[in-house]
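# Tertiary structure, described
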Amino acid sequence: MQQVETQSLSEHIAKHISEQIIRGELVEGERIQELRIASELDVSRGSVREALLLLERTQLIEIFPRRGAIVSEMSALQVRALFEMTCLLLGQIVHRMAETWRPHEAERVQLLLEQLDAETRQGNTEKFYDLIFQGLADQHEMVGNPYLMRYYQEMLPSLRRSYFLTLNISKRELQESFELFKSITDAVLARKSHQATLFMEDFCRHLRNLVLESLTRMKQIELAWARRSRR
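Residues numbered from 1 in each chain as written. Predicted model: local features only at pLDDT ≥ 70, side-chain atom pairs only at ≥ 80, totals over all residues. Heavy atoms only, no water.

### So, the pattern of salt bridges
Considering all chains together, one arrives at 15 salt bridges under this definition. In this structure, arginine 23 and glutamate 126 form a salt bridge, with 2.8 Å as the shortest nitrogen-oxygen distance. Here the residue arginine 23 occupies a position in the loop between α1 (2-22) and α2 (34-41), and glutamate 126 occupies one in helix α6 (residues 125-137), the gap between them amounting to 103 residues. Under the relative-accessibility criterion, arginine 23 is labelled partly exposed at 36%. The buried category is assigned to glutamate 126, whose relative accessible area is 17%. Among the ionic pairs, arginine 36 bridges to glutamate 40, the shortest N-O distance being 2.3 Å. (Salt bridge = Lys/Arg side-chain N within 4 Å of Asp/Glu carboxyl O. Helix = DSSP H or I, 4+ residues; strand = E, 2+ residues; numbered from the N terminus. Buried < 20%, exposed > 50% of the residue type's maximum accessible area, 1.4 Å probe, protein only.)

Quick look at the structure:
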């Protein structure tokens, strides 16, 4: 029982740190202060270290001897690598969903589409993508492949960090994302597994490009501020 409680606490701490990274409160290259986190959450430093080991699997941080945990860089190269792997995993997930869904699961897919339509009309980008990627992560029973779902689950924080950069995209771009994802769900419900995989590639490519555009703008702003501060 004690082991379960410790693991639960470590996951809670890891989630707390990951949210700070995702939202830019901890920036790339910044060292994570174990004592500060322990004080904020009123936990032991050992629990924070356990959480950092969990968080390392998500690629949000890197742990170095004598230097501790450092927030990972987010570069165009890393974004491309992230979406390359995301596309492979999600392609397999929707492929399996198309082959195995049952009537009550099809109803859940339809409900998700209705929720996404509402978020699109409201222009709520973060909620829109959260619904998609967490919704796919919840399909363990339908997918029936624990290895695939575990690897995808570990990638979710890095995915959230990437699409958090796109919060200021236009409603037109968000509408395009919705239409692309609707094509995926239509193919899944028609049991066209190969087509669902191809549409998922289009969806991932579209989001990747939005993230890369946002990342470029962010880097340009950072560079401009750095130049101004040196004057």
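### Quick notes on the environment of glutamate 154
Counting through the fold element by element, glutamate 154 comes out in helix α8 (residues 146-163). Among the residues examined, glutamate 154 registers a relative accessible area of 24% and is labelled partly exposed. In sequence terms glutamate 154 and glutamine 59 are 95 residues apart; their C-alpha atoms lie 8.5 Å from each other. Beyond its immediate stretch of four places on either side in the chain, glutamate 154 contacts Arg57 and Thr58. (Contact = heavy atoms within 4.5 Å.)

### Section: the domain arrangement of the chain
It is common to give the size of an interface as the accessible area that goes away when the parts come together. Examined at the domain level, the chain breaks down into domain 1 (9-71) and domain 2 (76-220). One C-alpha centre belongs to domain 1, the other to domain 2; they are set 27 Å apart. Counting from both sides, the interface comprises 10 residues of domain 1 and, opposite them, 8 residues of domain 2. Both sides of the domain 1 and domain 2 interface together cover about 950 Å² of buried area, and 47% of this is carbon and sulfur. The largest contributions to the domain 1 side of the interface with domain 2 come from Ile22, Arg23 and Thr58, which together make up 52% of the buried area. Salt-bridge contacts for glutamate 28 lead to lysine 219; the nearest nitrogen and oxygen are separated by 3.0 Å. In terms of residue count, the dominant contributor to the side of domain 1 that touches domain 2 is α1 (3 residues). (Domains from an automatic or database assignment. Buried area = accessible area lost by both parts, 1.4 Å probe.)

### Things to note about the confidence of the model for the chain
With 95% of its residues at a pLDDT of at least 70, the chain reaches an overall mean of 92. Low pLDDT, under 50, characterises residues 1-6; the stretch is placed with 1 contact to residues that sit more than four places away or in other chains. (pLDDT = per-residue confidence, 0-100.)

### A word on the nonpolar core
The biggest cluster of nonpolar side chains holds 50 residues, and the ones touching the most others in it are Ile93, Tyr129, Phe133, Leu136, Tyr152, Phe181 and Phe203. Looking at this core, the elements with two or more residues in it are α4 (76-100), α5 (103-122), α6, α7 (140-143), α8, α9 (171-189) and α10 (193-230). Discounting residues that sit within four places of it in the chain, phenylalanine 181 has contacts with Leu112, Leu113, Leu116, Ile132, Leu136 and Phe203. Among the nonpolar cores identified, the runner-up in size contains 18 residues, and Leu26, Ile37, Ala38 and Val48 belong to it. (Core = buried A, V, L, I, M, F, W, Y, C linked by side-chain atoms within 4.5 Å.)

### Focus: helix α3 (residues 45-56)
Counted at 1.5 Å a residue, the expected span for α3 with its 12 residues is 16 Å, and the 17 Å between its end C-alpha atoms agrees. The complete set of buried residues in α3 reads Ser47, Val48, Ala51, Leu52, Leu54 and Leu55. Across the axial projection of α3, the buried residues extend over an arc of 160°, all falling on one side. (Expected span 1.5 Å × (residues − 1). Arc of directions from axis to C-beta.)

### As for unusual backbone geometry
In this structure, aspartate 42 is a non-glycine residue whose phi angle is positive, near 55°. Its place among the elements puts aspartate 42 in the loop between α2 and α3. Unusually for a residue other than glycine, glutamine 59 sits at a positive phi of about 70°. Position of glutamine 59 among the secondary structure elements: in the loop between α3 and β1 (61-64). Residue classification places glutamine 59 among the exposed positions, given a relative accessible area of 55%.

### Structural notes on the packing of aromatic side chains
One pair of aromatic rings is described through two measures. These are the centre distance and the angle between the planes. Per the stated rule, a full pass over the model turns up 7 aromatic pairs. Relative to tyrosine 129, the ring of phenylalanine 128 lies with its centre 5.0 Å away and its plane at 85°, an arrangement referred to as edge-to-face. Centroid distance tyrosine 129 to phenylalanine 203: 6.4 Å. Interplanar angle 50°. Geometry classified as tilted. Of this pair, tyrosine 129 sits in helix α6 while phenylalanine 203 sits in helix α10, placing them 74 residues apart in sequence. This pair shows no difference in class: tyrosine 129 is buried, exactly as phenylalanine 203 is. Of note, arginine 67 hangs over the ring of phenylalanine 64, and the distance from its end group to the ring centre comes to 4.7 Å. Across the ring face of tryptophan 101, the terminal group of arginine 191 is positioned such that the distance to the ring centre comes to 3.9 Å. (Phe/Tyr/Trp six-rings, centres within 6.5 Å; stacked < 30°, edge-to-face > 60°. Lys NZ or Arg CZ within 6 Å of the ring centre and 35° of its normal.)

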